[in-house]
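# Descriptive structure summary
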Amino acid sequence: MSDSPASATPYEVLGIAPSASLDEMRRAYRRRLRETHPDTGGSPARFHAVQAAWEVVGDPVSRSAYDRGASSGSARTGSARAAGSSSWAARAAAPSSASSLKARSYGHPGGQARERFLTLIREWAGRGSELPDPYDAALVRSAPREIRWLLGKALAEEQTARSLSDLGMGFTVWNDVATPTGHKIDHVVLGPAGLFAVMSEDWGEAVRLHRGELAGDTIPDGELPIRDLVRSARKLGRSLGVRFDGQVIVVPDGALVEASSESVDRGRNAGTLVIARSRLSDVLRSGVSSGAARRQGDVFEVRTRLQQGVQLV
């Protein structure tokens, strides 16, 4: 199972409370196996998720390790090592512009999402409660999914920012950019292949492209990530006097159902890519579509406009 804070916990997959007895878990496990089995109309992915959840919490030793904060992988082996807390707390600093080998970068990737997460996790735990470590894995896993999603969002932005930093000195990155629509753009990236609006997402489960929009069981009803990104990029571009050459939504490797990248080729959202994070560098170096390379002089002019007009959240 994924150790992303945005992912469903084993208890959520089985449909039981964390306080459930072993007998209650066994009954829930058998019920969920019947409900999700491909031969009875279920999906292989759901069926596998139920089996993986049982491996984590079906054994008292591994369940105890998981409840204390161990990663799902170490819980399955009986290890009590808590891998989640320290990694979730590690905030990616904005890449330094002093190094000639790194992309120039401005703003705090994941900053807004982390601030919102910290506010809500403290409110949820109870006003006045002391939280020695708000990133403690056991605490985070017990929180509502909408709070865990914020931490997953912050981590996704930070991981993308590290990849963007490694693009090199020919690129400039602005993180957490305010737009006239009220939706921020996680990363605005300018390089030889063009100007791109980039969003970093982690919904905790697989997503797919359907009729020009992202769909998935964990994407909230009414949320249209591609439409919102395209609108924000267009309005920001008009306000700054620049044109975006494409929009990119980055998801964790393995999160796309059918491939490592999917493109929107028609309609108002055309020119948008949904890609696995491991493909990000290649896409930004080559462009969303062929023939998108910019002249160096154009890059200089666009960078000047962005430096003068971009507002960070």
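Quick caveat, the model's predicted, so the values are computed rather than measured.

Of regular secondary structure, the protein chain possesses 12 helices and nine strands. Counting the 313 residues in the protein chain, one finds 49% classified as buried. A separation of at least 24 residues holds for 63% of the contacts in the protein chain among residues at least 6 apart in sequence. Carbon together with sulfur atoms contributes 49% to the accessible area of the protein chain, which is approximately 15,000 Å² in total.

What follows is about the sheet that holds strand S2 (residues 172-177). Strand order in the open sheet formed by seven strands is S1-S2-S3-S4-S7-S9-S8, with mixed pairing between adjacent strands. The open sheet has two free edges, formed respectively by strand S1 (104-106) and strand S8 (261-264), since each of these has just one partner strand. Within the sheet, the average angular offset between the axes of one strand and its neighbour, ignoring direction, is 20°. Sitting on the sheet, helix H9 (residues 145-165) touches S2, strand S3 (185-191), strand S4 (194-200) and strand S7 (246-251), and the angle it makes with S3 is about 10°.

The next subject is a positive patch on the surface. On the surface, Arg231, Arg234, Lys235, Arg238 and Arg268 cluster together into a patch of positive charge. Its place among the elements puts Arg231 in helix H10 (residues 225-240). Residue classification places Arg231 among the partly exposed residues on the basis of a relative accessible area of 47%.

Let us look at unusual backbone geometry. Positive phi, close to 55°, is recorded for Asp176, a residue that is not glycine. Tracing the chain through its elements places Asp176 in strand S2. At Arg211, a residue that is not glycine, the phi angle is positive and equals roughly 55°. Positionally, Arg211 belongs in the loop between strand S5 (208-210) and strand S6 (213-215).

Tallied over the full model, the rule gives 19 salt bridges. Note that Asp67 is salt-bridged to Arg63, the shortest N-O span being 4.0 Å. Pair noted here: Asp67 and Arg63 are both in helix H4 (residues 60-67), with a separation of four residues, about one helical turn. The structure contains a network of salt bridges with shared partners spanning Lys153, Glu157, Asp176, Lys184, Asp186 and Glu201.

Another point: helix H2 (residues 22-36). The end-to-end C-alpha distance of H2, which contains 15 residues, comes to 21 Å, matching closely the 21 Å that a straight helix rising 1.5 Å per residue would cover. In the core, the buried residues of H2 are packed alongside helix H1 (10-14), helix H3 (44-57) and H4.

Right, let's talk about the environment of Ala125 for a bit. Relative to the elements of secondary structure, Ala125 occurs in helix H7 (residues 111-125). Sequence-wise, Ala125 and Ser142 are 17 residues apart; in three dimensions their C-alpha atoms are separated by 9.9 Å.

What follows is about the pairing of S7. If a strand is regular, its side chains alternate between the two faces of the sheet. Burial analysis of S7 places six of its six residues in the buried class, the great majority of the element. Burial along S7 is two-sided: Gly246, Val248 and Val250 and Gln247, Ile249 and Val251, pointing in opposite directions, are all buried. In terms of strand pairing, S4 meets S7 through five bridges, oriented parallel. Following the sheet pairing, Ser200 is matched in S7 by Val250. Looking at chain direction, S7 and strand S9 (residues 272-276) are connected through five bridges and run parallel. Bridge pairing in S9 places Val250 opposite Ile275.

What counts and how
Along each chain, the written sequence defines residue order, and numbers are assigned to residues from 1. Only residues with pLDDT of at least 70 are given local features in this predicted model, and only at 80 or more are side-chain atom pairs given and counted; all residues enter the totals for whole chains, interfaces and linings. To get the side-chain values, take all heavy atoms of the structure and skip hydrogens and water. Under the DSSP-based scheme used, a helix requires at least four consecutive residues in state H or I and a strand at least two consecutive residues in state E, with every element numbered from the N terminus. Only protein chains enter the area calculation, which uses a 1.4 Å probe; residues under 20% of their type maximum are buried, those over 50% are exposed, and those in between are partly exposed. In what follows, a contact means two residues having at least one pair of non-hydrogen atoms within 4.5 Å. For accessible areas, the Shrake-Rupley method is used with a probe of radius 1.4 Å. Any residue's cover is judged against the shown protein chains and nothing else. A pair of strands is considered paired only if DSSP assigns at least 2 bridges between the two. Fitting a line to C-alpha atoms yields each axis, with helices limited to the stretch in contact; the angle taken between N-to-C directions then spans 0 to 180 degrees. In this scheme, patches are assembled from residues that exceed 30% relative accessible area and form no salt bridge. Like charges are connected within 9 Å, while nonpolar side chains (Val, Leu, Ile, Met, Phe, Trp, Tyr) are connected within 5 Å. Any carboxyl oxygen of Asp or Glu that lies within 4 Å of a side-chain nitrogen of Lys or Arg is treated as forming a salt bridge with it. The sign given to each residue is positive for Lys and Arg and negative for Asp and Glu; His and the chain ends receive no count. We put the charge of a Lys on NZ, of an Arg on CZ, of an Asp on CG and of a Glu on CD. Take the residue count of a helix, subtract one, and multiply by 1.5 Å to get its expected span.

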